[in-house]
Structures are given as structure tokens and as C-alpha cells.
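Coordinate analysis (summary)
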Amino acid sequence: MASITRLGTMMKGISQEKTIAEGNEVAVFYVLDTALGSAPVADWYTVRDGKIASIHTYFDARPFAPPVGAQTAH
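Structure report, in brief. (Residues numbered from 1 in each chain as written. Predicted model: local features only at pLDDT ≥ 70, side-chain atom pairs only at ≥ 80, totals over all residues. Heavy atoms only, no water.)

Our focus in this paragraph is the overall build of the protein chain. In terms of regular secondary structure, the protein chain is built from one helix and four strands. Helices (α) and strands (β) of the protein chain occur, in sequence order from the N terminus, as α-β-β-β-β. Counting every atom, the protein chain has about 5,900 Å² of accessible surface; 59% of that belongs to carbon and sulfur. (Helix = DSSP H or I, 4+ residues; strand = E, 2+ residues; numbered from the N terminus. Areas by Shrake-Rupley, 256 points an atom, 1.4 Å probe, with all protein chains shown as cover.)

Written as C-alpha cells, this is what we have:
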């Protein structure tokens, strides 16, 4: 929950690219625009009885990672 809350404060917008549905499966592709950068995201939903039963989210986290060679605080 803490990670999602932090992400919400950084979000600048979302640009939906494509939605694909087949039976009870739906895939939504979009670009998440944040203060740290933009990242492509894919959400895969399974729907049962008209409700979302599961969500799998896949995204490229590189825009949120520290630059290579950067020092991290311990």
C-alpha cells in the first residue's frame, strides 16, 4: 500500500494505448507518466461474474531506478 500511495503522489498522467478483450480476459496497455519518467505498463484482468477476479501488472521499472553507479543510502 505504501508503494502505491507514493506512486499516486508522483503521477502526472496516463496515456492509454490499447485494450484487448477475449472472453473473461482483458489486457490494457498504457504509458504511466510520473515525475521520475514515463513507463510502459500492461495490466491483465480476469473477470468472473461481472467482477474483476484478478489483476496482473507488468511494467518497465527502469525509469524509477537510480542511475547506474549512483550511491544508495544505507
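So, on to the pairing of strand β1 (residues 11-22). With zero of 12 residues buried, β1 is to be regarded as a mostly surface element. Bridge analysis of β1 against strand β2 (residues 25-34) gives 10 bridges, and the strand direction is antiparallel. By the bridge assignment for β2, Ile 20 is matched with Ala 27. Between the antiparallel neighbours β1 and β2 lie two residues, among them Gly 23 with a positive phi of about 60°. (Buried < 20%, exposed > 50% of the residue type's maximum accessible area, 1.4 Å probe, protein only. Pairing = 2+ DSSP bridges.)

A separate point is the pairing of β2. Pairing geometry for β2 and strand β3 (residues 37-48), over 10 bridges, is antiparallel. Directly across from Ala 27, in β3, lies its bridge partner Trp 44.

Another point: the sheet that holds β1. In spatial order, the strands read β1-β2-β3-β4; together these four strands make up an open sheet with antiparallel pairing. This sheet does not close on itself; its edge strands, each paired only once, are β1 and β4 (51-59). Pairwise comparison of adjacent strand axes, ignoring direction, gives a mean angle of 20° for this sheet. (Axes fitted to C-alpha atoms, helices over the stretch in contact; angles between N-to-C directions.)

This next bit is on the side chain of Thr 34. For Thr 34, the location among the structural elements is in strand β2. Among the polar contacts listed, one links the side chain of Thr 34 to the backbone nitrogen of Leu 36, at a separation of 3.1 Å. Among the polar contacts listed, one links the side chain of Thr 34 to the backbone oxygen of Gly 37, at a separation of 2.9 Å. (Polar contact = N/O pair within 3.5 Å; in protein donor to acceptor, adjacent residues only side chain to side chain.)

Below, the discussion takes up the nonpolar core. Listed in full, the five residues of the largest apolar core are Val 28, Tyr 30, Leu 32, Val 41 and Tyr 45. Mapped by element, the contributors of at least two residues to this core are β2 and β3. The leading source of residues in this core is β2, at three residues. Every residue in contact with Leu 32, bar those within four places of it in the chain, is listed here: Leu 7, Met 11, Gly 13, Ile 14, Gly 37, Ser 38, Ala 39 and Val 41. (Core = buried A, V, L, I, M, F, W, Y, C linked by side-chain atoms within 4.5 Å. Contact = heavy atoms within 4.5 Å.)

Note that Gly 13 resides in strand β1. Of the residues examined, Gly 13 reaches a relative accessible area of 24% and is grouped as partly exposed.

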